[in-house]
Amino acid sequence: MQRELSETANFIRLAERNSSFETDWAIARFERLKAVLNSDQGQAHIILRFGERAGIACVQGSVSADLDVLCQRCMQAMIQHVAGEFLFGLIRDEDAADLLPKDMEPLVVQGEEQSILDIIEDELLLSLPQVNAHAEQCSEYLRQQNERREVDKIASSPFAVLKNMMSDKA
Ligand SMILES: [Zn+2]
């Protein structure tokens, strides 16, 4: 397992060498992902295994991260754990996709280098739930609701009215 992973690489060459990587990347690297987060704090844990399966060059990977998002119910920050796995069959053109085993997704490789950053970022985006929300209840949201109710109660009590009248005179 190599710890150093560059953002682009020649996938076919890595597959020929059976290269594998395990590393952590700062979330701040992923521009598209950052756009949907509350902050870019944290790391993504990445495992990539390049190699060959059934005579086809492929890359198998898993990625996980604790992402700082906003709960869409109470609009407070929350940590959303995401995890995803993928297996890409490396092909030279779209037509070859039909030849891949069913468990492989096609990944067309063109030119010298392919983007590792893009496949990791795509996987992170795909593993984010459609709606981020606190699993149990929004404790902060409920606390604020209760406080608001208390304030309303106090404001409408006769003593509060009296107090308001007195302070108006002062
Ligand atoms: Zn919430």
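How each quantity is defined
Residues numbered from 1 in each chain as written. Predicted model: local features only at pLDDT ≥ 70, side-chain atom pairs only at ≥ 80, totals over all residues. Helix = DSSP H or I, 4+ residues; strand = E, 2+ residues; numbered from the N terminus. Rg over C-alpha atoms; globule rule 2.2 N^0.38 Å. Buried ≥ 20, exposed ≤ 12 C-beta atoms within 10 Å, placed from the backbone. Expected span 1.5 Å × (residues − 1). Arc of directions from axis to C-beta. Contact = placed C-beta atoms within 7 Å. Domains from an automatic or database assignment. Core = buried A, V, L, I, M, F, W, Y, C linked by C-beta atoms within 7 Å. Pairing = 2+ DSSP bridges. Axes fitted to C-alpha atoms, helices over the stretch in contact; angles between N-to-C directions.

1. Quick look at the overall build of the protein chain
Reasoning step 1: On a plain count of helices and strands, the protein chain comes out with five helices and seven strands.
Reasoning step 2: Here the C-alpha radius of gyration of the protein chain, 26 Å, is well above what a compact globule of 170 residues would show, namely 15 Å.
Reasoning step 3: Principal-axis analysis of the C-alpha atoms gives the protein chain an extent of 90 × 30 × 25 Å.
Reasoning step 4: Within the span of the protein chain, comprising 170 residues, buried residues form 19% of the whole.

2. A closer look at helix α3 (residues 116-127)
Reasoning step 1: Taking 1.5 Å per residue as the helical rise, α3 with its 12 residues ought to reach 16 Å, and the 17 Å between its terminal C-alpha atoms agrees with that figure.
Reasoning step 2: Listed as buried for α3 are I116, I120, E121, E123 and L124. For α3, the angular spread of the buried residues around the axis is 160°, confining them to a single face.
Reasoning step 3: Elements that come into contact with the buried residues of α3 comprise β1 (8-9), α2 (31-34), β3 (43-53), β4 (56-70), β5 (77-91) and β7 (114-115).

3. Thoughts on the domain arrangement of the protein chain
Reasoning step 1: Entries for the protein chain in the domain assignment read domain 1 (8-133) and domain 2 (136-170).
Reasoning step 2: A C-alpha centroid distance of 50 Å is found between domain 1 and domain 2.

4. A word on the nonpolar core
Reasoning step 1: Core analysis: the largest hydrophobic core is formed by 27 residues, its most contacted members being A15, A44, C58, V59, A65, L90 and L124.
Reasoning step 2: Listing elements by their share of this core, those giving two or more residues are α1 (11-16), β3, β4, β5 and α3.
Reasoning step 3: In this structure, V59 is in contact with F11, A15, L48, R49, F50, F88 and L90, ignoring residues within four places of it in sequence.

5. Points about unusual backbone geometry
Reasoning step 1: A positive phi is found at N18, a non-glycine position, where the angle reads about 50°.
Reasoning step 2: With respect to the secondary-structure elements, N18 resides in the loop between α1 and β2 (20-26).
Reasoning step 3: Positive phi, normally seen in glycine, also occurs at A54, with a value near 50°.
Reasoning step 4: Among the structural elements, A54 can be located in the loop between β3 and β4.
Reasoning step 5: The exposed category is assigned to A54, around which 11 C-beta atoms lie within 10 Å.

6. What about the sheet that holds β3?
Reasoning step 1: Taken in spatial order, the five strands line up as β2-β3-β4-β5-β6 in an open sheet, and their pairing is mixed. Where the open sheet ends on each side, the last strands, each with one partner, are β2 and β6 (105-108). Going across the sheet, the axis of each strand differs from the next one's by a mean of 30°, ignoring polarity.
Reasoning step 2: As judged from the 10 bridges shared by β3 and β4, these two strands associate in the antiparallel manner. Directly across from G51, in β4, lies its bridge partner C58.
Reasoning step 3: Of the strands in this sheet, β3, β4 and β5 touch α3, which is tilted by about 130° from β5.

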